[in-house]
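Report on the structure
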Amino acid sequence: MDFAVDQDVRTQMDAVYDNIDAYAKGLATPLKYTTKKGRVLSLKSIADYSTKQHDYVDERPLGYGLELDSGPNDVGKTATVCRTAARVILGTASGPWHGDPKGVLFILSEEDPGLIKNVMKAHGVTDFLMRGKLFTLVCPDPDGGADADDYDTAVLPDDVPALRQMCLDNDIKMVVIDTLIDCMEWANTNSQSDVAKAIRPLNKWAAEDDVLIVGIHHNNKSYEGTAKQAVAGSGAFTNKPRCVVSFDVDKDGQHVMQLVKVKGRSDHPAYRYDFETRSIELDSGGRELIGIVTKVTPTDTTIDKVRAEKNPAAIAAAKAEDDRRAADHEVLDWLTDYLSDGQPVSFKTIKADAMEQNGYTERQLRNAKDSEDSGIVSEPDPNHKGKGRAYAWRLSD
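The notes below deal with the structure included here. Sequence order sets the numbering: in each chain, residues are counted from 1 along the sequence as written. This being a predicted model, a pLDDT of at least 70 is required before a residue's local features are given, and a value of 80 or more before pairs of side-chain atoms are given or counted; all residues contribute to the totals for chains, interfaces and linings. Excluded from the side-chain calculations are hydrogens and water; all other atoms, namely the structure's heavy atoms, are used.

**Structural notes on the sheet that holds strand β11 (residues 255–262)**
Strands pair in a sheet through their backbones, by hydrogen bonds, and they do so in one of two ways: parallel or antiparallel. Applied cut-off: Here a strand pair is declared whenever DSSP counts at least two bridges between the two strands. To qualify as a helix, a DSSP run of H or I must reach at least 4 residues; to qualify as a strand, a run of E must reach at least 2; elements of each kind are numbered from the N terminus. To obtain each axis, a line is fitted to C-alpha atoms, and for helices this fit is confined to the stretch in contact; angles are then taken between N-to-C directions over 0 to 180 degrees.
A sheet is described by the order of its strands in space; here nine strands give the open sequence β7-β6-β8-β9-β5-β10-β11-β12-β13, paired in mixed fashion. A strand with exactly one partner marks an edge of an open sheet, and here the two such strands are β7 (134–136) and β13 (287–299). Neighbouring strand axes in the sheet, compared pairwise and without regard to direction, differ in orientation by 25 degrees on average. Bridge count for strand β5 (residues 67–71) against strand β10 (residues 243–249) is four bridges, and the pairing is parallel.

Structural data, given as structure tokens:
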């Protein structure tokens, strides 16, 4: 589509483009400005920066910035990270490194490196691959003392330049900080400015070098509020990272992880992750059973739903509502009317219609059916096809 442009405006535009080379050359040696505190400032055109393509390594965003993984204790946060790390080392992770094995660095304060080695062996990473692709951070004693090779955590943000160069020199593209807060012993972790000071250089590093940096963190003990509100410490722990992944276990024992924040992305995909036990041979010659995450699949279960199921106030309110509806025979009356034509209806259909029309839960429907003199029976669904068994409900004769 052509747009009419005023001749005077076109003349001015032509003049600008005629002089663009000279203008660019003028910016090639930009002026420098010095602040009162001696800091030197200057300008650089954004046109000189490369455009960014945001990729994913399996389920994890790459090139955005720090990813914060937070959840209660013992829900498998480190286990899911180890799965990704093993796949990065083996070159089997989906995304830009598929078929191109990369190095992984674990900065540890809680886990012994030997335990990480156990998990990696269970994932099929050999000692030969670990030798050149799997590392932990050590702080050698300058005097060569007894603790010269003790593993240690980092100090943020002071260590970031050295860590960044270390990863560039050794083709390390994934960094796991377990736990993030232990790298901030100097900081008040309830302070926005202190936490931001530690996280900001991690965002810059991850985005500029396309490094997957995962910081392990813990939730507070409350089940009030949303998944992001559950993250312990300052709000900067969720405001500053480019990605926040929340973890929990639902009432049925299903492990759930959800990307509750990804900068520039409006949806919040959730995944179920499953464990499997494998036997490995130890360096001593003995054997050990190791639990690892082997399968990650999409799920409709959100972390907020899991948290609501564990919230005492929400549980009490739901029970009170169940009791009220039972006392009023509200759900039973709806079911009786719904099944009044005498034909069996699949429970899957009943459940969907009950939720859509009145917000009735599966538990409320079953309680109504099982109540005394309900007159509702359950039988195998004659129309069901496929694996497993399905049931239909109807009014008794």
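**Focus on the packing of aromatic side chains**
Geometrically, a pair of aromatic rings is defined through the distance of the ring centres and the angle of the planes. Our working rule: To pair, rings of Phe, Tyr and Trp, with the six-membered ring standing in for Trp, must have centres within 6.5 Å; the planes then decide the type, stacked if under 30 degrees apart, edge-to-face if over 60, and tilted in the middle. For each residue, the accessible area found with a 1.4 Å probe, counting protein chains only, is set against the maximum for its type, and the residue is called buried under 20%, exposed over 50%, and partly exposed in between. The rule is short: NZ of Lys or CZ of Arg within 6 Å of the ring centre and within 35 degrees of the ring normal puts a charge over the ring.
Applying the stated criterion across every chain yields a total of six aromatic pairs. A centroid spacing of 4.8 Å and a plane angle of 25 degrees characterise the contact between W334 and Y338, whose relative ring orientation is stacked. Of this pair, W334 and Y338 both sit in helix α11 (residues 330–338), four residues apart, which is roughly one turn of that helix. Plain terms: the ring middles of W334 and Y360 are 5.8 Å apart, the flat faces sit at 80 degrees to each other, and that makes the pair edge-to-face. Taken as a pair, W334 in helix α11 and Y360 in the loop between α12 (347–358) and α13 (362–370) lie far apart in primary sequence, 26 residues in all. In this pair, the class of W334 matches that of Y360, namely buried. Here the aromatic residues F247, Y273 and F275 are joined through ring pairs into a cluster of three or more. Positioned above the aromatic ring of Y49, the side-chain terminus of K44 is 4.6 Å from the ring centre. Over the ring of W393 we find K369, and its NZ or CZ is 5.5 Å from the ring centre.

**Considering the pattern of salt bridges**
Two side chains of opposite charge can pair, provided their charged atoms sit close to one another. Quick reminder of the rule: For this analysis, a salt bridge means a side-chain nitrogen from Lys or Arg found within 4 Å of a carboxyl oxygen belonging to Asp or Glu.
Inspection of the entire model under this criterion finds 22 salt bridges. Residue D58 pairs with R83 through a salt bridge whose shortest N-O separation is 3.9 Å. Placement of the pair is D58 in the loop between β3 (55–57) and β4 (60–62) and R83 in helix α3 (residues 77–90), with a sequence separation of 25 residues. There is no split in this pair, since D58 and R83 are both buried. A salt bridge links R366 to E362; the shortest N-O distance between them is 3.1 Å. Of this pair, R366 and E362 are both found in helix α13, four residues apart, which corresponds to roughly one turn of the helix. Among the ionic contacts, a cluster of salt bridges with common partners joins D58, E59, R83 and R87.

**Focus on the side chain of N203**
Heads up, the condition is: Here a polar contact means two N or O atoms within 3.5 Å. Within protein one must be a hydrogen donor candidate and the other an acceptor candidate, and residues neighboring in sequence count only if both atoms are side-chain atoms.
Inspection of the secondary structure assignment puts N203 in helix α7 (residues 192–209). On the accessibility criterion, N203 (7% relative accessible area) is buried. Polar contacts involving the side chain of N203 include one to the main-chain amide nitrogen of L66, which spans 2.8 Å.

**Points about the layout of surface pockets**
Applied cut-off: With a 1 Å grid spanning the protein atoms alone, the term cavity applies to any set of points in which a 1.4 Å probe fits but cannot get out, the term pocket to an open set with protein on both sides within 12 Å along at least five of seven lines, and the term lining residue to any residue with an atom within 4 Å of a point. Grid points are joined across faces, edges and corners, and a volume is the space filled by probe spheres set on the points. Throughout this entry, Asp, Glu, Lys and Arg are counted as charged residues, while Ala, Val, Leu, Ile, Met, Phe, Trp, Tyr, Cys and Pro are counted as nonpolar. The remaining residues, Gly among them, count as polar.
Looking at the second largest pocket, its volume works out to about 440 Å³. If you trace the second largest pocket, you find 21 residues lining it, with G76, K77, T78, A79 and E111 closest to the centre. Of all the elements in the fold, those that place two or more residues in the lining of the second largest pocket are α3, α4 (113–122), β9 (212–218) and β13. Class assignment for the residues of the lining of the second largest pocket results in 10 nonpolar, six polar and five charged.

**What to know about a nonpolar patch on the surface**
This is how it is decided: Patches were defined on residues exceeding 30% relative accessible area and lacking a salt bridge, with like-charge contacts within 9 Å and nonpolar side-chain contacts (Val, Leu, Ile, Met, Phe, Trp, Tyr) within 5 Å. Per-residue accessibility takes into account occlusion by the displayed protein chains alone, with areas from the Shrake-Rupley method and a 1.4 Å probe.
A cluster of nonpolar side chains, L31, Y33 and L41, forms an exposed patch at the surface whose accessible area comes to about 320 Å². Among the residues examined, L31 registers a relative accessible area of 61% and is labelled exposed.

**Notes on the sheet that holds strand β14 (residues 345–346)**
Read across the open sheet, the three strands follow the order β14-β16-β15; overall the sheet is antiparallel. Among the strands making up the open sheet, the edge pair consists of β14 and β15 (376–380). As judged from the five bridges shared by β15 and strand β16 (residues 391–395), these two strands associate in the antiparallel manner. Of the residues in β16, the one forming a bridge with S378 is W393.

**Focus: empty space enclosed by the protein**
A complete count under the given rule lists one cavity of 30 Å³ or more for this structure. Volume-wise, the largest cavity comes out at about 30 Å³. If you trace the largest cavity, you find it lined by E59, R60, T80, R83, T84, M257, V293 and V296. Elements supplying a minimum of two residues to the lining of the largest cavity: α3 and β13. Taken together, the residues of the lining of the largest cavity sort by class into three nonpolar, two polar and three charged.

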